[in-house]
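A look at the structure
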Amino acid sequence: SGLYGTILMGSERLIEIRDARGEVGGIQFSLSAKFLGRDPDKSRTEDEEKNEGRRRELIARILEEMEHWDFGPDSPPKVQVEVSGDLSDKGSLRANFRIDAPSVEKRQYRLTEMQAAGSLKGYLLEISSFSAKDARGTLDGHADYQLLQRTGRFDMESSIQIPRLL
(Lines give C-alpha, C1' and ligand atoms only; values in the text may rest on other atoms or scores of the structure.)
Protein backbone atom coordinates (compact mmCIF):
# COMPACT_ATOMS: atom_id res chain seq x y z
CA SER A 1 0.00 0.00 0.00
CA GLY A 2 1.10 3.57 -0.53
CA LEU A 3 3.73 2.65 -3.09
CA TYR A 4 5.49 5.58 -4.72
CA GLY A 5 8.81 6.52 -6.26
CA THR A 6 10.40 7.73 -9.47
CA ILE A 7 11.41 5.58 -12.44
CA LEU A 8 13.69 7.13 -15.06
CA MET A 9 14.32 5.42 -18.37
CA GLY A 10 17.27 7.23 -19.88
CA SER A 11 19.06 6.86 -23.15
CA GLU A 12 20.12 3.45 -24.35
CA ARG A 13 19.23 0.81 -21.74
CA LEU A 14 19.55 2.83 -18.49
CA ILE A 15 16.74 2.30 -15.96
CA GLU A 16 16.87 4.13 -12.63
CA ILE A 17 14.52 3.81 -9.66
CA ARG A 18 14.81 6.63 -7.16
CA ASP A 19 13.42 6.66 -3.64
CA ALA A 20 10.76 3.98 -4.18
CA ARG A 21 8.87 3.43 -0.93
CA GLY A 22 5.82 1.62 0.32
CA GLU A 23 4.45 -1.14 2.49
CA VAL A 24 4.06 -4.75 1.39
CA GLY A 25 2.70 -7.42 3.72
CA GLY A 26 3.18 -5.21 6.78
CA ILE A 27 6.84 -4.47 5.91
CA GLN A 28 8.03 -0.97 5.00
CA PHE A 29 10.27 -1.05 1.91
CA SER A 30 12.59 1.47 0.35
CA LEU A 31 14.40 0.80 -2.91
CA SER A 32 16.93 2.58 -5.09
CA ALA A 33 18.22 0.94 -8.25
CA LYS A 34 20.25 1.66 -11.36
CA PHE A 35 20.19 -0.96 -14.12
CA LEU A 36 21.20 -1.43 -17.67
CA GLY A 37 18.17 -3.08 -19.26
CA ARG A 38 18.42 -6.29 -21.23
CA ASP A 39 20.54 -6.12 -24.34
CA PRO A 40 18.08 -6.92 -27.15
CA ASP A 41 20.91 -8.39 -29.26
CA LYS A 42 22.03 -10.83 -26.56
CA SER A 43 20.12 -14.08 -26.11
CA ARG A 44 19.89 -15.80 -22.74
CA THR A 45 21.84 -18.98 -22.13
CA GLU A 46 20.33 -22.13 -20.66
CA ASP A 47 22.33 -21.58 -17.44
CA GLU A 48 20.99 -18.02 -17.13
CA GLU A 49 17.43 -19.30 -17.46
CA LYS A 50 18.08 -22.01 -14.86
CA ASN A 51 19.65 -19.50 -12.45
CA GLU A 52 16.76 -17.10 -12.90
CA GLY A 53 14.45 -19.95 -11.90
CA ARG A 54 16.55 -20.57 -8.81
CA ARG A 55 16.38 -16.89 -7.84
CA ARG A 56 12.61 -16.90 -8.26
CA GLU A 57 12.41 -20.08 -6.19
CA LEU A 58 14.47 -18.49 -3.41
CA ILE A 59 12.27 -15.38 -3.41
CA ALA A 60 9.14 -17.56 -3.33
CA ARG A 61 10.51 -19.48 -0.33
CA ILE A 62 11.29 -16.26 1.51
CA LEU A 63 7.80 -14.88 0.83
CA GLU A 64 6.23 -18.17 1.92
CA GLU A 65 8.19 -18.11 5.18
CA MET A 66 7.20 -14.48 5.79
CA GLU A 67 3.54 -15.56 5.90
CA HIS A 68 4.28 -17.36 9.20
CA TRP A 69 5.60 -14.23 10.93
CA ASP A 70 3.64 -11.50 12.72
CA PHE A 71 5.21 -8.06 12.82
CA GLY A 72 2.64 -6.10 14.76
CA PRO A 73 1.10 -2.94 13.33
CA ASP A 74 2.76 -0.53 15.78
CA SER A 75 6.36 -1.10 14.72
CA PRO A 76 6.63 -2.65 11.24
CA PRO A 77 9.97 -3.95 9.99
CA LYS A 78 11.93 -1.74 7.61
CA VAL A 79 13.82 -3.08 4.61
CA GLN A 80 16.21 -0.89 2.62
CA VAL A 81 17.64 -2.13 -0.69
CA GLU A 82 20.06 -0.58 -3.19
CA VAL A 83 20.59 -2.49 -6.44
CA SER A 84 22.71 -2.00 -9.57
CA GLY A 85 23.93 -4.00 -12.52
CA ASP A 86 23.38 -5.12 -16.09
CA LEU A 87 20.21 -7.19 -16.50
CA SER A 88 21.87 -8.96 -19.46
CA ASP A 89 24.66 -10.17 -17.16
CA LYS A 90 23.29 -11.51 -13.87
CA GLY A 91 26.82 -11.91 -12.55
CA SER A 92 27.16 -8.11 -12.61
CA LEU A 93 24.24 -7.56 -10.23
CA ARG A 94 25.09 -5.89 -6.93
CA ALA A 95 22.75 -5.22 -4.04
CA ASN A 96 23.07 -4.00 -0.47
CA PHE A 97 20.30 -4.47 2.05
CA ARG A 98 19.44 -3.68 5.63
CA ILE A 99 16.58 -5.02 7.72
CA ASP A 100 15.44 -3.54 11.04
CA ALA A 101 12.56 -5.17 12.91
CA PRO A 102 11.72 -3.93 16.41
CA SER A 103 9.52 -6.98 17.12
CA VAL A 104 8.64 -10.15 15.19
CA GLU A 105 6.71 -13.24 16.26
CA LYS A 106 6.38 -16.80 14.94
CA ARG A 107 4.40 -19.56 16.68
CA GLN A 108 3.94 -17.40 19.77
CA TYR A 109 7.69 -16.84 20.06
CA ARG A 110 8.79 -13.20 19.97
CA LEU A 111 12.14 -11.76 18.87
CA THR A 112 13.04 -8.14 19.45
CA GLU A 113 15.65 -5.80 18.03
CA MET A 114 16.18 -7.98 14.96
CA GLN A 115 18.70 -6.49 12.53
CA ALA A 116 20.42 -7.81 9.43
CA ALA A 117 22.68 -6.33 6.79
CA GLY A 118 24.19 -7.87 3.72
CA SER A 119 24.87 -7.84 0.02
CA LEU A 120 24.49 -9.73 -3.20
CA LYS A 121 27.55 -9.66 -5.44
CA GLY A 122 26.85 -11.59 -8.60
CA TYR A 123 25.93 -15.04 -7.35
CA LEU A 124 27.21 -14.64 -3.78
CA LEU A 125 24.69 -13.68 -1.11
CA GLU A 126 26.36 -12.46 2.08
CA ILE A 127 24.64 -11.67 5.35
CA SER A 128 27.43 -9.70 6.97
CA SER A 129 25.59 -9.31 10.27
CA PHE A 130 22.47 -10.68 11.88
CA SER A 131 21.29 -10.12 15.44
CA ALA A 132 18.15 -10.54 17.52
CA LYS A 133 17.03 -10.86 21.14
CA ASP A 134 14.38 -12.81 22.98
CA ALA A 135 13.34 -12.86 26.64
CA ARG A 136 16.29 -15.12 27.54
CA GLY A 137 19.21 -14.12 25.36
CA THR A 138 20.71 -12.97 22.07
CA LEU A 139 21.58 -14.28 18.62
CA ASP A 140 24.48 -12.92 16.57
CA GLY A 141 25.93 -14.25 13.36
CA HIS A 142 26.80 -13.97 9.70
CA ALA A 143 26.45 -16.21 6.66
CA ASP A 144 27.11 -16.53 2.96
CA TYR A 145 25.43 -18.57 0.24
CA GLN A 146 26.73 -19.29 -3.27
CA LEU A 147 23.63 -19.29 -5.49
CA LEU A 148 25.19 -21.25 -8.38
CA GLN A 149 26.64 -24.07 -6.29
CA ARG A 150 23.76 -23.94 -3.78
CA THR A 151 26.23 -24.10 -0.92
CA GLY A 152 26.87 -21.83 1.99
CA ARG A 153 28.26 -21.45 5.46
CA PHE A 154 27.35 -19.64 8.62
CA ASP A 155 28.78 -18.68 11.97
CA MET A 156 26.36 -18.07 14.79
CA GLU A 157 26.42 -17.56 18.53
CA SER A 158 23.13 -17.90 20.36
CA SER A 159 21.49 -18.10 23.74
CA ILE A 160 17.94 -17.90 22.33
CA GLN A 161 15.63 -20.86 21.70
CA ILE A 162 16.21 -21.35 17.97
CA PRO A 163 14.20 -24.62 17.66
CA ARG A 164 11.01 -22.71 18.43
CA LEU A 165 11.55 -20.67 15.26
CA LEU A 166 11.86 -23.69 12.94
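Quick note: structure is the one above.
The following paragraphs examine the structure supplied in this document. As the structure is a computational prediction, the values presented were derived from the model and not from experiment. (Residues numbered from 1 in each chain as written. Predicted model: local features only at pLDDT ≥ 70, side-chain atom pairs only at ≥ 80, totals over all residues. Heavy atoms only, no water.)

Things to note about the nonpolar core
Listed in full, the 12 residues of the largest apolar core are Ile27, Trp69, Phe71, Val79, Ala101, Val104, Tyr109, Leu111, Met114, Ala132, Leu139 and Ile160. Elements with a contribution of two residues or more to this core: strand E5 (94–106) and strand E6 (109–121). For this core, the element with the highest residue contribution is E6, accounting for 3 residues. Within the second largest apolar cluster, 10 residues are counted, among which are Ala33, Phe35, Val83 and Leu147. (Core = buried A, V, L, I, M, F, W, Y, C linked by side-chain atoms within 4.5 Å. Buried < 20%, exposed > 50% of the residue type's maximum accessible area, 1.4 Å probe, protein only. Helix = DSSP H or I, 4+ residues; strand = E, 2+ residues; numbered from the N terminus.)

Description of the side chain of Ser30
Tracing the sequence through the fold places Ser30 in strand E3 (residues 27–36). Residues within four places of Ser30 in sequence aside, it is in contact with Ala20, Arg21, Val79, Gln80 and Val81. (Contact = heavy atoms within 4.5 Å.)

Looking at the pairing of E3
Pairing analysis gives 9 bridges linking strand E2 (residues 14–24) to E3, with the strands arranged antiparallel. Paired with Glu23 across the strands is Gln28, a residue of E3. Counting the residues in the hairpin turn of E2 and E3 gives 2 residues, including Gly25, whose phi is positive at 60°. Inspection of the sheet shows E3 paired to strand E4 (residues 78–86) by 9 bridges, in the parallel sense. Following the sheet pairing, Ser30 is matched in E4 by Gln80. (Pairing = 2+ DSSP bridges.)

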